[in-house]
Amino acid sequence: MTKKILFPLLLAALFSGTMQAQNIEWRTIEQAAKTDSKSNTKLYFVDFYTSWCGWCKKMDRETFTNPVVAKILNTYYLPVKFDAEGNSEFSWHGTKYNNLEVAPGGRRSTHSFAKAVLGAQMGFPSFCIFNSDQSKLTIIQGYQSANDLIVMLWYFASGDNKRYPFDKYRQIFDKDIRPSMNAKLGIK
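Model, not experiment: these values are computed from the prediction. (Residues numbered from 1 in each chain as written. Predicted model: local features only at pLDDT ≥ 70, side-chain atom pairs only at ≥ 80, totals over all residues. Heavy atoms only, no water.)

A. Region of the structure containing the sheet that holds strand 5 (residues 126–130). Pairing in this open sheet of four strands is mixed, and the strands run 2-1-5-6 from one edge to the other. Unpaired on one side and paired on the other, strand 2 (77–83) and strand 6 (136–141) mark the two borders of the sheet. Pairs of neighbouring strands in the sheet enclose a mean axial angle of 20°, with direction left out of account. Pairing of strand 5 with strand 6 involves five bridges; the strand directions are antiparallel. Counterpart to Cys 128 in the pairing with strand 6 is Ile 139. (Pairing = 2+ DSSP bridges. Helix = DSSP H or I, 4+ residues; strand = E, 2+ residues; numbered from the N terminus. Axes fitted to C-alpha atoms, helices over the stretch in contact; angles between N-to-C directions.)

What follows is the structure, encoded as structure tokens:
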């Protein structure tokens, strides 16, 4: 066999038992806000980003392309990309939000939803996990590696947040939690 044929076959054999690449099915905040909370059983994962945030772009390239991150988000969450300086208008958990202000220098100001959710913890990237009824569970701040984000996402998706303090969970994750998570996700 020639090298041109042999190399792709070798790669296919190496990766045949691993998870296929999967893209995250991102929604807009308007789409997520219109989700019927009575029939929705998924958690919400809102990615607060800005166009100028380098760490946000790094997460898009490195963390959100991870197939396990994508599988967890697509299966257990309604993943939302939210431009924290955007101008969308919507209602979330019974409150209306918009961005009618202009920051000094003509730059877009921070959206009222980002201000309400993140409060004094304003920084990007930031992520918020909401219950299926759109009430806030937790805020995650700053760049997250794929492995760190997997631990946090599974902590809430599995309901383990009701059983363990997070520090303990992080310590036992690889040995005690990851095997059952992989089995539920179909990862070998």
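B. A look at the state of the cysteines. Scanning the entire structure with this criterion turns up one disulfide. Disulfide pairing is shown between Cys 53 and Cys 56; the S-S distance is 2.4 Å. Since a negative S-S torsion denotes a left-handed disulfide, the Cys 53-Cys 56 link at about 85° is right-handed. With respect to burial, Cys 53 and Cys 56 carry one shared label: buried. (Disulfide = S-S within 2.5 Å. Buried < 20%, exposed > 50% of the residue type's maximum accessible area, 1.4 Å probe, protein only.)

C. Representation of the nonpolar core within the structure. Judged by nonpolar contacts, the single largest core of 30 residues is most densely connected at Phe 45, Phe 64, Val 69, Ile 72 and Tyr 77. Mapped onto this core, the elements with two or more residues apiece are strand 1 (43–49), helix 4 (67–76), strand 5, helix 6 (146–157) and helix 7 (166–185). A total of nine residues in this core trace back to one element, the largest contributor, which is helix 6. Apart from the residues lying within four places of it in its own chain, the contact partners of Tyr 77 are Lys 42, Leu 43, Tyr 44, Phe 45, Ile 72, Ile 129, Met 152, Leu 153, Phe 156 and Ala 157. Of all hydrophobic cores here, the second largest spans 23 residues; its members include Phe 48, Phe 124, Cys 128 and Ile 139. (Core = buried A, V, L, I, M, F, W, Y, C linked by side-chain atoms within 4.5 Å. Contact = heavy atoms within 4.5 Å.)

D. Quick look at the pairing of strand 2. Within strand 2, seven of the seven residues are buried, which leaves the element mostly enclosed by the surrounding structure. Of the two faces of strand 2, the one lined by Tyr 77, Pro 79, Lys 81 and Asp 83 and the one lined by Leu 78, Val 80 and Phe 82 are each fully buried. Here strand 1 pairs with strand 2 via seven bridges, running parallel. In the strand pairing of strand 2, Tyr 44 is matched with Leu 78.

E. View of the packing of helix 6 against helix 7. Packing of helix 6 against helix 7 brings their axes to within 10 Å, and their N-to-C directions diverge by 85°. The angle between the axes of helix 6 and helix 7 places the two elements in the roughly perpendicular class. Of helix 7, the residues touching helix 6 (which contributes Asn 147, Ile 150, Val 151, Met 152, Trp 154 and Tyr 155) are Phe 166, Tyr 169, Arg 170, Phe 173, Ile 177, Arg 178, Met 181, Lys 184 and Leu 185. Residues belonging to the contact of helix 6 with helix 7 are distributed by class as follows: 11 nonpolar, one polar and three charged. (Parallel < 35°, antiparallel > 145°, perpendicular 65-115°, else oblique. Nonpolar A, V, L, I, M, F, W, Y, C, P; charged D, E, K, R; others polar.)

F. A look at the pattern of salt bridges. Enumeration over the complete set of coordinates arrives at six salt bridges. A salt bridge links Lys 58 to Glu 62; the shortest N-O distance between them is 3.6 Å. With Lys 58 and Glu 62 both in helix 3 (residues 54–63) and four residues apart, the pair spans about one turn of that helix. Linking Asp 167 and Arg 170 is a salt bridge whose minimum nitrogen-to-oxygen distance equals 2.9 Å. Taken as a pair, Asp 167 and Arg 170 lie in helix 7 at a separation of three residues, close to a single helical turn. Put simply, Asp 47, Asp 60 and Lys 81 are held in one network by salt bridges that share partners. (Salt bridge = Lys/Arg side-chain N within 4 Å of Asp/Glu carboxyl O.)

These figures capture arrangement, not role.
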